[in-house]
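Listed here are the chains, written in short residue letters.
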Amino acid sequence: MSKYWSSLVGELKPYVPGEQPKMANLVKLNTNENPFGPSPKVIEAIQNELDDSLRLYPDPECQALKDAIAGHYGVNSKQVFVGNGSDEVLAHIFQGLLKHDKPVLFPDITYSFYPVYCGLYQVESKVIPLTESFEINPEDYKQPNGGIIFPNPNAPTGRYLGLEHVEAIIEANPDSVVVVDEAYVDFGGETAIQLVDRYPNLLVCQTLSKARSLAGLRVGFAVGNEELIEALNRVKDSFNSYPLDRLAIAGAVAAFEDREWFEHCCNGVIRERERLTEKLEAKGFEVLPSRANFVFARHRQKPGADIAAMLRDKGIIVRHFNKPRISDFLRITIGTPGQNNALLKAIGDVFFR
Ligand SMILES: *Cc1c(COP(=O)(O)O)cnc(C)c1O
């Protein structure tokens, strides 16, 4: 703690991102990046943007991107907010819509950035344990609160909550904002965006980092009632009026225009997820049912930390969380068929040498 720090900075417990090691030939299955690259049309759009116009500020409203997102989901562009990665969108949501007199509710096992934002913005929170089988029970969210947030599918479990149950949570909480973080919804879930016209308290957050293979471009968005979006615009314009640069706007628009590439990549991930699940189960793993681009699995005999360390020695990195309830699990991002085969071979070597 330095005397130059504010007292708040001294108390922060920052998020620790999955590592990005600079090793050659690494099989990197630890941060849920998409193994299939971005659409070639995205690369082309970004290249076309590389000219003298870079001296000019980008459109502060990112209208072209809002129009592309609104068109994709059949909503009005005034119902769309965009930000520098969905992490930034989430930050504005915590500050602008989840900070109230009562605590915000989220699961005990969930995206670990939520408690970090609570610390940064001094938002009171209450964690709601997932069931024994690591599911969200909508009944648990029928209690006084200042807002609700959960990922669907949840991270790092991969478990999906059916839309009718999501709707039950929204319906039971008309006085608070319910945020559904759909970072992984395109890998087999159904989006709650179709419900935003019926529920003024629903906000759906998504990212281009996972299903659209653009983690490096940093683009996320939220869709909801215009009043909720206006709150986010007010926070954004009190923080950074230009969250997306010209290249990010051009690339993100192109990503939404290339629906074919998007579907091809999502289907490829889903196919590999089902194959990997089956093979891991055959090797003695319990694998939670996943609708995401990762699986969450534990071995019936060996501790997760040991397996992660042994895989690492073989140049394969997966994510291990040293946290209550899940310390035996590994979160394994779905890779290309070749990467998944390398993982399976390494696991075979670990157990059967
Ligand atoms: C990856 C992820 C995000 C963050 O996405 P970015 O757009 O890359 O910031 C948000 N929520 C969940 C649950 C995620 O897994």
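The structure presented is a predicted model; accordingly, all values stated were derived computationally and were not measured.

Student: Describe in detail the packing of aromatic side chains, supporting the description with residues and values.
Tutor: In this description, an aromatic ring pair is defined by two values, namely the gap between the centres and the angle between the planes. Overall, the coordinates contain 15 aromatic pairs when judged by the stated rule. Taken together, a centroid distance of 5.5 Å and an interplanar angle of 40° make the contact between Phe-94 and Tyr-117 tilted. Here Phe-94, found in helix α4 (residues 85-97), pairs with Tyr-117, found in helix α5 (residues 113-121); they are 23 residues apart in sequence, far enough to count as distant. Through a chain of ring-to-ring contacts, the aromatic side chains of Tyr-15, Phe-94, Phe-106, Tyr-111, Phe-113, Tyr-114 and Tyr-117 assemble into a single cluster. The ring of Phe-256 carries Arg-212 above its face, with NZ or CZ at 4.1 Å from the centroid. One Lys or Arg, Arg-212, reaches over the ring of Phe-262 and ends 3.9 Å from the middle of that ring.

Student: Describe in detail the side chain of Ser-86, supporting the description with residues and values.
Tutor: One can find Ser-86 in helix α4. Ignoring sequence-local partners within four residues, the contact set of Ser-86 consists of Cys-205, Gln-206, Thr-207, Val-219 and Gly-220.

Student: So what about the site of the ligand? Which residues, and what values?
Tutor: Among the 13 residues in the neighbourhood of the ligand, the closest are listed as Ser-86, Tyr-184, Thr-207, Ser-209 and Lys-210. In the model, a nitrogen atom of the ligand is placed 2.7 Å from a nitrogen or oxygen of the Asp-181 side chain. Take Ser-209: an N or O atom from its side chain is 2.6 Å from an oxygen atom of the ligand. Among the elements that line the shell around the ligand, the one with the most residues is α4, at four residues.

Student: Account for the domain arrangement of the protein chain, with residues named and values stated.
Tutor: Here the protein chain is described as being made up of domain 1 (18-37 + 260-350) and domain 2 (40-257). For domain 1 versus domain 2, the distance between C-alpha centres works out to 25 Å. Domain 1 puts 26 residues into the contact, and the matching count from domain 2 is 27 residues. Summed over both partners, the interface of domain 1 with domain 2 buries about 2200 Å², with 63% contributed by carbon and sulfur atoms. Summed over the three residues of domain 1 that lose the most area to domain 2, namely Phe-262, Arg-291 and Arg-325, the buried surface amounts to 34% of that side. The interface formed by domain 1 and domain 2 includes one salt bridge. For Asp-108, the salt bridge goes to Arg-325, with nearest N and O atoms at 2.9 Å. Only α9 (259-282), β10 (294-299) and β12 (329-333) provide two or more residues apiece to the side of domain 1 that touches domain 2. The element contributing the most residues to the side of domain 1 that touches domain 2 is α9, with six residues.

Thresholds applied
- Within any chain, residue numbers begin from 1 and follow the written order of that chain's sequence.
- Per-residue local features of the predicted model are confined to residues with pLDDT of at least 70, and side-chain atom pairs are confined, for both listing and counting, to 80 or more; whole-chain, interface and lining totals are unaffected and use all residues.
- Only hydrogens and water are set aside; all other atoms, that is, all heavy atoms of the structure, feed into the side-chain values.
- Each pair of aromatic rings taken from Phe, Tyr and Trp, with Trp reduced to its six-membered ring, is defined by centres within 6.5 Å and is described as stacked if the planes are under 30 degrees apart, edge-to-face if over 60, and tilted in the remaining cases.
- Helix and strand labels come from DSSP, where a helix needs a run of H or I of at least four residues and a strand needs a run of E of at least two; each type is numbered from the N terminus.
- Charges are assigned to positions over rings by a cutoff of 6 Å between ring centre and Lys NZ or Arg CZ, combined with an angular limit of 35 degrees from the ring normal.
- Two residues form a contact once any of their heavy atoms are found within 4.5 Å.
- Residue proximity to a molecule or strand is established when one non-hydrogen atom of the residue lies within 4 Å of it.
- Two N or O atoms count as a polar contact when they lie within 3.5 Å, although within protein this holds only if one can serve as hydrogen donor and the other as acceptor, and sequence-adjacent residues are included solely when both atoms are side-chain atoms.
- An automatic or database domain assignment is the source of the domain bounds shown.
- Throughout, buried area stands for the accessible area (probe radius 1.4 Å) lost by two parts on being put together, summed over both.
- Salt bridge criterion: a side-chain nitrogen from Lys or Arg within 4 Å of a carboxyl oxygen from Asp or Glu.

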